[in-house]
Every structure is written in C-alpha cells, then in structure tokens.
Amino acid sequence: MLVFAVVIYLLSAKSREKEFYDGLVREGISKANLFFTAKVDPETMQSIYKNNIEYINEVEVAIYDKNFKLLYHDAKDIDVVKETPDLLAKILTGGDVKFYVDNYQAVGFLFVNDNTDYIVTAVAYDGYGYAKQLNLALSLLVICIVSIAMSFIIGYLLAKRALKPVADISDRMKDITANDLHLRLLRYNENDEFGELAASFNKALDIIESSFESQKMFVSNVSHELRTPLSVLIGEIDWVLLRDRTLEEYKQTLINSRQDTSRLIKLLNGLLDLAKASYDESKISKSNIRIDEVLLDARDVVMKGNKDYNVRLLFDDNIQDDSEITILGNEYLLKMAFANLMDNNCKFSDAKISTVHVLLQNEKIVIRFTDTGIGIPESELPYIFTPFYRGENKKMAQGNGIGLALVDKVISLHKGTITVQSEKDKGVTFEVIFNPLQQNNIT
Ligand code: ADP
C-alpha cells in the first residue's frame, strides 16, 4: 500500500510540474501576442497583471529583444526571475529552459515576431497545483492507514476463523488424559487438512488406547497369576505351622511348596521372555542361524524338562543345503518359541509326542508342530494367541497362558507367520512359515 501510494504521489507531482510548465509557455506566448500583435499598451497589461495577482497566481512575463534589452515586464518591482545575460544568451542559442526559483516555476523560450527573435520568460507559483498535491497526499495517507487497519482487522478475523479448528483441537486435546482416553477429536471436513489431522490423531488415539488397555489388562493378569501360587504357598506354610506335624507331612509340604515356587519361576521366565520379544525389532540382535540346529536344541530343552515327553524331528528330502534352512534371527527367542510349541504338543496329548516336520515350499521354510491330542475347539482358536488366555484344555495341564502369545510375538519379529489347524479330539498342527528371501530384503 505504501509503495503504491508513493508511486501515485510521485507520478502526480511529475505531471503537475509538466502541466504547469506548459501553462507558463502558453501564458508567455499569449502575452507576447498581446504585446506584439494586438499592440496592447504595457500599462494596461501591467494593470491587468496587478489586479489578477491579488486573486490568482498570475504569470509574470518579461520580453527581451536579441540584444537583451527589456521590452516589457509585467512587474519590475516584483521580478521573480532575475534574468542574467548568461540566462538570456542560453535561451537565445539553446532554445527553451525550465527552472525553479524557490517554489516558483519559470520558463524561457524564443518568440518569433516579424522574423525577429525575442526572448520571453514566464514565471508563476502553482498554488492550485500544490494544494491539489497536498490533498492527494493526505487522501493517500488516509487511504493507506484505513486500508492497513482494515486488512489487519480482516486478516486477523480470517486467520482466527481459519485457525479455529486448531484451537478446538488443542482444547479437546487438553481434555484427553490417561483417564479419558476414549475421547476423540470431533470430525471435521475429511477433505481438508484439519480433517486429516483430526482423523490421524484419532487413529493414533485408538492405538494408544488399545495398547494402554492391554497394558492395564496385562498388569492385572500378571498380578493375578502371581498372587494365586503365592497364596497357595502361604496357605500351605500356615497349615504346616498350625501345630506339630509328622515328618511325612513336613516333607509333603516342602514338595508342594517347591512345585508352586517352580511354577512361579516358570511364569516369571515366561514374562521376561515376553518382554524381550516385545522389544523394538531393531534392538534384538540377529545372526544367521540354522533352523535345524535350533529345533534340535529346543527338543533337548523340552525332553530334559519332562522325561515323559517325546519330540520327533523330520526333515524333508528336498532340503539339500544348510543355507536353504538358514534365516536371520535371534537364536534364544526362536529356541524358546519352538520349545513352547513342542511342549504344548506333548502337554495336551496323552501320547505326549510332538512331531516336527520341516520342509521347503517355494524357498520358504515350513515347520509343522503336530500332535494327536485333545485338539482345540474351533470357538477358542481366535483367542489362543492372546496373553494369559487358557482354553478349556487347561484342565488337562498346568500353564499360565503366555506360551502362545510369546510364540506369536517371536514369529512376527522374524517376519514369519503362524497358523493353527485343529479338530477337537484329533490333535493340533501349528504351522510356522519363514521366508528367508523376504527377510533379507527387509533387513
Ligand atoms: P498354556 O499352555 O500355558 O495354557 P498357551 O499360550 O501355550 O498357554 O496356550 C493357550 C491355550 O491354547 C491353552 O490353554 C490350550 O487351551 C490351547 N492349546 C495350545 N496348544 C495346544 C495343543 N497343542 N493342544 C490343545 N490345546 C492347545
């Protein structure tokens, strides 16, 4: 606005100056004509000048001949332009001159009458033009101030209106605390950026809320799982301390306490492993490991843990090279996951046998853990990978419900998949698939 106003002001000043110079020339010519052609006598012309000057910015004209002799002057007593011989010579040889005397504008030019050159000078103060210019400057200043103020106010209101959703989002976010995680940002127009922001934020809240809930559930499950064996332990100790017992009773109590304690240790180890498997993938050390070796180690662990258990390992004939069954992985976690699957096979079948079949399908490593036990009812299949979930089979064997959750985590950490097929009373097959090619591309 300011640049615009300054440019307008300068252009108008320029045009005022030019117009006034032109006016001076016209006035000089017309007075010269009055003097030479109409032969109006100088006293009349001077008195007209004197009268006019009271009311208007009358032009003061002087006429010289070629010898710089003054022929006519409107008002010698005023004489704004002090015509020097230099100035007159300049007009005579060079033609028109335009110049300022203080605020007065003056022109000097040659006037030809009867083939004789005369020098005419005309000078006047452009009071009207300057007043107009001042007016313009004031108007421009007012327009500038008003329009800057208006753009500020309108801009402020528009910005406030445009940013209102941000303020709303921020207010709403203040209400969303750990206890009100179910609150969501109100939906805005999905097609604008704020709508997208609100939708993404809501999505993030969904994830946070569900992980927050599962954390809460996890903690309460853990406390419950820890409390039960500990209460049993205390109950037994209290019972034995109630009065003197026989040696046999003391022995039995210690055996029971030991069993409860080892159940607790198993649970704590499971929880520790679950925590390890829940780490960020990038924080878990990985190396090239052979699946067959890990399976053999897992079998040792399972069979040493329970003398009744039997794990059979079968490798397909089409596996010709070790590299075909090598993946990038964490040996400890994989061993623990395989051991869990073998353990479940044995635990939930009367035969106490786990058959592990390793084969290659389209360069993928497929491992099937099969038993011929009591199977899993179809209705329970969607839940078996949930931490602490124990199906109706829990009657058959002890456990804590974190085994399969752990297995699931470990397999997905290795970018593998796990599926389960089962028929009640016919047995279960867990199928784990690893894709070494995909794994290498990602890592
Ligand atoms: P846990 O074995 O400690 O109960 P898991 O997470 O290992 O916990 O298994 C969850 C549930 O899945 C078990 O309680 C059981 O109902 C079912 N399940 C798992 N593996 C088998 C299996 N091989 N045969 C029958 N049921 C199984």
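Fair warning: this is a prediction, and the values are worked out from it, not measured in the lab.

(A) Just the overall build of the protein chain, in detail. Within the protein chain, the secondary structure is distributed over 11 helices and 12 strands. With respect to the three principal axes, the spread of C-alpha positions in the protein chain is 155 × 65 × 35 Å. Looking at the protein chain as a whole, 37% of its 443 residues qualify as buried. Contacts in the protein chain between residues at least 24 apart in sequence constitute 64% of all its contacts with a sequence separation of at least 6. As displayed, the protein chain has an accessible area near 26800 Å², and 57% of this comes from carbon and sulfur atoms. In the protein chain, the 50 positive side-chain charges and the 63 negative ones have mean positions that sit 5 Å from each other.

(B) The packing of aromatic side chains, seen in detail. Using the criterion set out here, one finds 10 aromatic pairs in the structure. Ring geometry for Y104 against Y125: centres 5.7 Å apart, planes inclined by 50 degrees, an arrangement best described as tilted. One end of the pair, Y104, is in strand β4 (residues 104–113); the other, Y125, is in the loop between β5 (116–124) and α4 (127–162), and 21 residues separate them in sequence. Of the residues examined, Y104 reaches a relative accessible area of 33% and is grouped as partly exposed. Among the residues examined, Y125 registers a relative accessible area of 29% and is labelled partly exposed. Relative to Y130, the ring of Y125 lies with its centre 5.4 Å away and its plane at 35 degrees, an arrangement referred to as tilted. Assessed through its relative accessible area of 24%, Y130 is described here as partly exposed. Here a set of aromatic residues connected by ring pairs shows up, and it is made of F35, F36, Y72, F111 and Y118. Over the ring of Y130 we find R16, and its NZ or CZ is 4.2 Å from the ring centre. When the ring centre of W239 is taken as reference, the NZ or CZ atom of R245 above it lies at 3.8 Å.

(C) Representation of the site of the ligand in the model. Neighbouring the ligand are 20 residues, the closest being N344, K347, R390, N393 and L404. One of the side-chain N or O atoms of D371 is found 2.9 Å from a nitrogen atom in the ligand. G391 is positioned with one of its backbone polar atoms (N or O) 3.1 Å from an oxygen atom of the ligand. Against a free-state accessible area of 530 Å², the protein chains account for coverage of 99% of the ligand.

(D) Molecular detail of the sheet that holds strand β9 (residues 353–361). Strand order in the open sheet formed by 5 strands is β7-β9-β10-β12-β11, and the pairing between neighbours is mixed. In this open sheet, the two strands that pair with only one neighbour each are β7 (310–315) and β11 (417–423). Taking the axes of each pair of neighbouring strands and ignoring which way they run, one obtains an average angle of 15 degrees across the sheet. Pairing analysis gives 6 bridges linking β7 to β9, with the strands arranged parallel. In the strand pairing of β9, L313 is matched with V356. Packing of helix α8 (residues 291–305) onto the sheet brings it into contact with β7, β9, β10 (364–370) and β12 (427–434), and relative to β7 it is tilted by some 170 degrees.

(E) Representation of the pattern of salt bridges. What the rule picks out here adds up to 16 salt bridges. The partner of K31 in a salt bridge is E58, and the shortest N-O contact between them spans 3.3 Å. Residue K31 is located in helix α1 (residues 2–36), and its partner E58 is located in the loop between α2 (42–55) and β1 (60–64); the two are separated by 27 residues in the primary sequence. With a relative accessible area of 10%, E58 lands in the buried category. For K31, the salt bridge is made with D74, and the minimal N-O distance between the two is 2.6 Å. You can see K31 sitting in helix α1 and its partner D74 sitting in the loop between β2 (70–73) and α3 (85–94), a full 43 residues away along the chain. Here K31 and D74 have matching classes, each one buried. Look at the salt bridges and you will find they share partners, linking R290, D292, E293 and D322 into a network.

Procedures and definitions
Every residue gets a number counted from 1 within its own chain, in the order that chain's sequence is written. Only residues with pLDDT of 70 or above have their local features reported here, since the model is predicted, and side-chain atom pairs are shown and tallied only from 80 upward, although totals for entire chains, interfaces and linings are computed over all residues. Note that water and hydrogens are dropped before the side-chain values are worked out from all heavy atoms of the structure. To qualify as a helix, a DSSP run of H or I must reach at least 4 residues; to qualify as a strand, a run of E must reach at least 2; elements of each kind are numbered from the N terminus. Note on classification: 1.4 Å probe, protein chains only; a residue is buried when its accessible area is under 20% of the maximum for its type, exposed when over 50%, partly exposed between these limits. In what follows, residue pairs with any heavy atoms lying within 4.5 Å of each other are defined as contacts. Shrake-Rupley sampling with a 1.4 Å probe provides the accessible areas, and residues are treated as covered by the protein chains on show and by no other component. His residues and chain termini do not enter the charge count, which takes Lys and Arg as positive and Asp and Glu as negative. Here the site of a charge means atom NZ of a Lys, CZ of an Arg, CG of an Asp or CD of a Glu. Centres within 6.5 Å make a pair out of two Phe, Tyr or Trp rings, where for Trp the six-membered ring is used; the pair is then stacked when the planes are under 30 degrees apart, edge-to-face when over 60, and tilted otherwise. Charge over a ring is defined by NZ of Lys or CZ of Arg lying within 6 Å of the ring centre and within 35 degrees of the ring normal. For each residue, the test is whether any non-hydrogen atom lies within 4 Å of the molecule or strand; if one does, the residue is near. Pairs of N or O atoms within 3.5 Å make up the polar contacts considered here, provided that, within protein, one atom can donate a hydrogen while the other can accept it, and that residues adjacent in sequence are counted only when both atoms are side-chain atoms. Paired strands, as defined in this entry, are two strands with at least two bridges between them according to DSSP. As a rule, the C-alpha atoms of each element are fitted with a line to give its axis, helices using only the stretch in contact, and angles between N-to-C directions run from 0 to 180 degrees. Salt bridge, as used here: a side-chain nitrogen of Lys or Arg that lies within 4 Å of a carboxyl oxygen of Asp or Glu.

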